[in-house]
Structure formats: C-alpha cells, structure tokens
Amino acid sequence: MTTETRLRVAVLIAVLAIGTSVARAEVSAEVTSTGEYWRTVVRGNASVKNLKIWAPASPRDRLIPLNPDGDANGDLWPTVAENPFDGNRPWVLWSRWNGADYDLGWSRWTSAGWSEVAWLDGGGPGDDLDPSVAFTPGSGRANTAWWEAAPDGTGRVWFSVFLRTRWMSPVLVSDPAIDSRSPSITVRDDGTIEIAFDTPSGPVTRIVKLLLPATITDDLDPLGALTVDGAAPTRPEVDRYSR
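Conventions adopted
Residues numbered from 1 in each chain as written. Predicted model: local features only at pLDDT ≥ 70, side-chain atom pairs only at ≥ 80, totals over all residues. Heavy atoms only, no water. Helix = DSSP H or I, 4+ residues; strand = E, 2+ residues; numbered from the N terminus. Buried < 20%, exposed > 50% of the residue type's maximum accessible area, 1.4 Å probe, protein only. Contact = heavy atoms within 4.5 Å. Areas by Shrake-Rupley, 256 points an atom, 1.4 Å probe, with all protein chains shown as cover. Pairing = 2+ DSSP bridges. Axes fitted to C-alpha atoms, helices over the stretch in contact; angles between N-to-C directions. Core = buried A, V, L, I, M, F, W, Y, C linked by side-chain atoms within 4.5 Å. Salt bridge = Lys/Arg side-chain N within 4 Å of Asp/Glu carboxyl O.

> Would you mind showing me how to read the overall build of the protein chain here?
Counting its secondary structure elements, the protein chain contains 3 helices and 16 strands. Taken over 243 residues, the protein chain has a buried fraction of 47%. Within the protein chain, counting contacts between residues at least 6 apart in sequence, those at least 24 apart form 47% of the total. Of the roughly 11,900 Å² that the protein chain leaves accessible, carbon and sulfur atoms contribute 52%.

> What exactly am I supposed to notice about the sheet that holds strand β2 (residues 37-43) here?
Think of a sheet as strands paired side by side through backbone hydrogen bonds, with each pair either parallel or antiparallel. The sheet built from 3 strands is open, its strands ordered β2-β1-β3 with antiparallel pairing. Both edges of this open sheet fall to β2 and β3 (63-65), since each of them pairs with a single strand only. Direction aside, the axes of adjacent strands within the sheet are offset by 30° on average.

> I would appreciate a short explanation of the nonpolar core in the present structure.
The tendency in soluble globular proteins is for nonpolar side chains to be buried as a group. Judged by nonpolar contacts, the single largest core of 22 residues is most densely connected at Phe159, Met168, Ile195 and Val208. Those elements giving two or more residues to this core turn out to be β9 (127-135), β10 (142-149), β11 (155-161), β13 (181-187), β14 (193-199) and β16 (226-228). Residue contacts for methionine 168: discarding those within four places in its chain leaves Phe159, Ser160, Val161, Leu163, Leu220, Pro222, Ala225 and Leu226. Leu104, Val133, Trp146 and Phe162 belong to the second largest nonpolar core, which has 14 residues in total.

> I tried to follow the pattern of salt bridges on my own but got confused; where do I start?
Where charged atoms of side chains with opposite charge meet at close range, the side chains can pair. The full count for this structure, using the stated rule, is 5 salt bridges. Measuring nitrogen to oxygen at the nearest pair gives 3.5 Å for the salt bridge that ties arginine 156 to aspartate 152. As a salt-bridge pair, glutamate 194 and arginine 188 come within 2.7 Å of each other at their nearest N and O atoms. You can call glutamate 194 partly exposed: its relative accessible area is 26%.

> Looking at this model, I keep getting lost on the environment of valine 92. Mind explaining?
Mapped onto the fold, valine 92 is located in strand β5 (residues 89-97). Using a relative accessible area of 0% as the deciding quantity, one classes valine 92 as buried. Along the primary structure valine 92 and proline 131 are separated by 39 residues, whereas in three dimensions their C-alpha atoms are 9.4 Å apart. Ignoring anything within four residues of it in the chain, the contact list for valine 92 reads Trp54, Leu66, Pro78, Thr79, Val80, Gly105, Trp106, Ser107 and Trp114.

> In this structure, what is going on with the pairing of β10? I would like to understand it.
Moving residue by residue along a regular strand, the side chains alternate between the two faces of the sheet. Here β10 lies mainly inside the structure; 7 of its 8 residues are buried. When β9 meets β10, the two strands line up antiparallel, connected through 7 bridges. From the neighbouring strand, leucine 129 faces β10, where its bridge partner is tryptophan 147. In this antiparallel pair of consecutive strands, β9 and β10, the connection spans 6 residues, and glycine 138 shows a positive phi of 90°.

> Would you take a moment to explain the sheet that holds β9 for this structure?
The 4 strands are arranged β9-β10-β11-β12 in an open sheet whose pairing can be described as antiparallel. The open sheet terminates on both sides in strands that have one partner only, identified here as β9 and β12 (171-172). For β10 and β11, the ladder comprises 7 bridges, and the chain directions are antiparallel. Across the sheet, the residue bridging to glutamate 148 is arginine 156, located in β11.

Below, the structure written as structure tokens:
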C-alpha cells in the first residue's frame, strides 16, 4: 500500500468515525519541538449540510495549516503524498475552485514550511479531479495524473511531472474519444511510469517514459520529453484541449 493510499484510508476512517456529528476539519503539517516535519494531519467531517475539509480545528503550536480558507472557496478533498526520497515531506494536490470551474491547486512542505499555494494549469476546459501522485525513485521527482470532466461529459486523463519550480505542461494520456476517469499513478524502480484508469470497457494502463535532459528547466517541452506507450505525444493532442 502506498503512502498516498494509506493517507486516503486514514481520512476515510476518520470521516466514517465522525459520522454525521458536528465536527471541525483540517489539513495541517505537524512538526516536532525542533520544527522538523513529523506527519500530515487530515481530518474532515461527514456532515452533508456543513461539510468541512480545510478549516483548522484549533490553534496548536505544532500544527501548520494548509489552505485554511479552502472550505469558503469550495475546494475539494486533497490528495496527500509523502515523498520517501525527501524525508517524507508531503506534497498536496486538490481540486481548487477558480471562480468558474475546478483546476488543480498544489503545495508542498519545504524547510520553510508550506510552499505558497499555486495552480497546476489543466489540460482542458473542464473540472480537474482526483489527482494521483507518485515519486521517481532516487530523484524524488513528483509525478501526477488526474482526470478532466470535459464539458461534453467525457472524462480525459492527463499527466504532468514537476520541473524546477513548476509543473510541466500537461499531456493527454487517454483516448480523447473514450470516457476515462479515476487514474492511479505509480513509478517503477527504473523510472517508468504506469498510469491506470477506468473506462466503460474496463481498466486501461498507459506506460509513460520520461526522456529528461541532465539539466531540468521550467521551459521543458513535453513533446520531446516523454513517450506514451512508446510513441511521442502529438501536437494536436496537446493543443486541441488546451485552454
């Protein structure tokens, strides 16, 4: 079971335990007495009338909240993944309301605390949902896959990798004509990335191989940086669904 899965299970158990009672919620990093990262605390209530995900339960010196205004903004449940190649420091991605639809917001824990919440620019005009996160062995580079609920009702699965200070322009990994949802991403020991997702005819897995140069820069072009099932992504796939 991956760290991401364990955290999701922990959140689910907490929600079921709370039931429909009134409760607070929070997404916070808990630090030690010396300020070192210890764990991520994710608690939420299951009240349909008063759902809380992000608001801190109570001020505590060792709990550093992330996105405390997320409930007021309408932000959805986060995916929390601890990076085993960087002292288990967490990365958090979630569907964040931008005023018109949901794009992905993200932050990570650094030596200075939570990084400023930023956007991961989506690949299409629909809601970006259910991000999955995995890290490349050795380098600890973050990779993510999510699905977009397109305006025509079709789900499409996208992939991105973190560069130096931002995420690479997303690449479509599913067939745009086939409803594809709920991706799960894993990274093999050799760096090969597997993205599994659901379609009406059953589960599908795509194999993504990164062809990253020795020096990673933020202007990396995804068309020359990876292959999907052995083939380079085509320009129409990337541009057709861009915003």
